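An overview of the molecular structure
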Amino acid sequence: MIEFINVVKKYNHDVIALDSINLKIEKGEFAFLVGPSGSGKSTFLKLMIREEDSTSGKILIDGKDVGKLKPKEIPYLRRKIGFVFQDFRLLYDRTVAENIAFALRIIDASEREIKVQTKNVLEMVGLSSKEKYYPNQLSGGEQQRVALARALATKPPIIIADEPTGNLDPTTADDIFKTLLEINSRGTTVLVVTHAKDIVNKLNKRVIALDHGKIVKDEERGGY
């Protein structure tokens, strides 16, 4: 599903952000990507969605060589990956339902598909009763659930959550991870970038640790 083969990323003045990265995340797997600031996590994500190009090596997403995609093919790659951001990135002048509909209209879903899928993902994240609310009427945890629902709306095979609980209290953070685990149980591949050591240790999932651009740990049932 996600495979990095001898991937190197250098920036100006030979600053090495990623150094000979080799890893494979299988379809349906749940994995954490951890490491201190500057370890290469953000670069890893940018390479996955072709926001940047690797200096050398190969990246495969769902069997496709990301580096060989033509510019017009990149949006289709990104449709396979649902992103959940720490700062939510919601449209605050639109309702919860309209935020989700917006993501579906981008992929030219029909109005019927939009209606059905919006209902489905709001049920999945426990926000069916909030579809007509605006984001500023919701708690931080509820806003994160909307962001998660929006990422799920297009039925991507991969969900990437980038520090999804960084601004949330522990109880709300636990609820977000329960939802991510439920999504994963349905077959979606989930990659979570986080500094939340307590959650990583509690969930006992695969942990991939980066430091200075290198993988320093990759354990199937690891701790942070």
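Scope of this entry: the structure provided in the associated data block. (Residues numbered from 1 in each chain as written. Predicted model: local features only at pLDDT ≥ 70, side-chain atom pairs only at ≥ 80, totals over all residues. Heavy atoms only, no water.)

1. A few points about the packing of aromatic side chains
Quick note on the threshold: Pairing of aromatic side chains requires ring centres within 6.5 Å, counting the rings of Phe and Tyr and the six-membered ring of Trp. Pairs whose planes differ by under 30 degrees are stacked, by over 60 edge-to-face, and all others tilted. Per the convention used, a helix needs a DSSP run of H or I reaching at least four residues, while a strand needs a run of E reaching at least two, with both numbered from the N terminus. We call a residue buried when its accessible area falls under 20% of the maximum for its residue type, exposed when it is over 50%, and partly exposed in between, using a 1.4 Å probe and counting protein chains only. Only when the NZ of Lys or the CZ of Arg is both within 6 Å of the ring centre and within 35 degrees of the ring normal is a charge said to sit over the ring.
Evaluated as defined, the whole model comprises four aromatic pairs. Judged by centre distance (4.1 Å) and plane angle (0°), the ring pair of Phe4 and Phe44 falls under stacked. Here Phe4, found in strand 1 (residues 2-11), pairs with Phe44, found in helix 1 (residues 41-48); they are 40 residues apart in sequence, far enough to count as distant. Judged by centre distance (5.2 Å) and plane angle (15°), the ring pair of Phe83 and Phe85 falls under stacked. Its relative accessible area of 16% is what places Phe83 among the buried residues. An aromatic cluster of three or more residues is present, and its members are Phe30, Phe32 and Phe177. Its guanidinium or amino end placed over the ring of Phe85, Arg89 lies 3.9 Å from that ring's centre, counting from NZ or CZ. Positioned above the aromatic ring of Tyr133, the side-chain terminus of Lys130 is 5.3 Å from the ring centre.

2. Remarks on the packing of helix 4 (residues 111-124) against helix 5 (residues 140-153)
What describes two packed helices is the angle between their axes and the distance between those same axes. This is how it is decided: All axes here are fitted lines through C-alpha atoms, helices being fitted over the stretch that makes contact, and every angle between N-to-C directions spans 0 to 180 degrees. The scheme is simple: roughly parallel for angles under 35 degrees, roughly antiparallel for over 145, roughly perpendicular for 65 to 115, oblique for anything else. Crossings are sorted by hand: turned counterclockwise from the far helix by less than a right angle, the near helix makes the crossing left-handed, and turned clockwise it makes it right-handed. Whether two residues are in contact is decided by their heavy atoms: any pair within 4.5 Å suffices. We call Asp, Glu, Lys and Arg charged. Ala, Val, Leu, Ile, Met, Phe, Trp, Tyr, Cys and Pro are nonpolar, and the rest, Gly among them, are polar.
Closest axis-to-axis distance for the helix 4/helix 5 pair is 9 Å, and the angle between their directions is 135°. Taken together, the axes of helix 4 and helix 5 lie oblique to each other. Like other packed secondary-structure pairs, helix 4 and helix 5 cross with a definite hand, here right-handed. Of the residues in helix 5, those in contact with Gln117, Val121, Leu122 and Met124 of helix 4 are Ala149, Leu152 and Ala153. Its residues assigned to classes, the contact of helix 4 with helix 5 comprises six nonpolar, one polar and no charged.

3. Things to note about the packing of helix 3 (residues 96-106) against helix 5
Where helix 3 contacts helix 5, the axes come no closer than 8 Å and their chain directions differ by 30°. Classified by the interaxial angle, the pair formed by helix 3 and helix 5 is roughly parallel. The element helix 3 and its partner helix 5 pack so that their crossing is right-handed. Contacts from Val96, Asn99, Ile100, Ala103 and Leu104 of helix 3 reach helix 5 at Val146, Ala149, Arg150 and Ala153. When its residues are assigned to classes, the contact of helix 3 with helix 5 shows seven nonpolar, one polar and one charged.

By themselves, these are just geometric observations and shouldn't be taken as functional.
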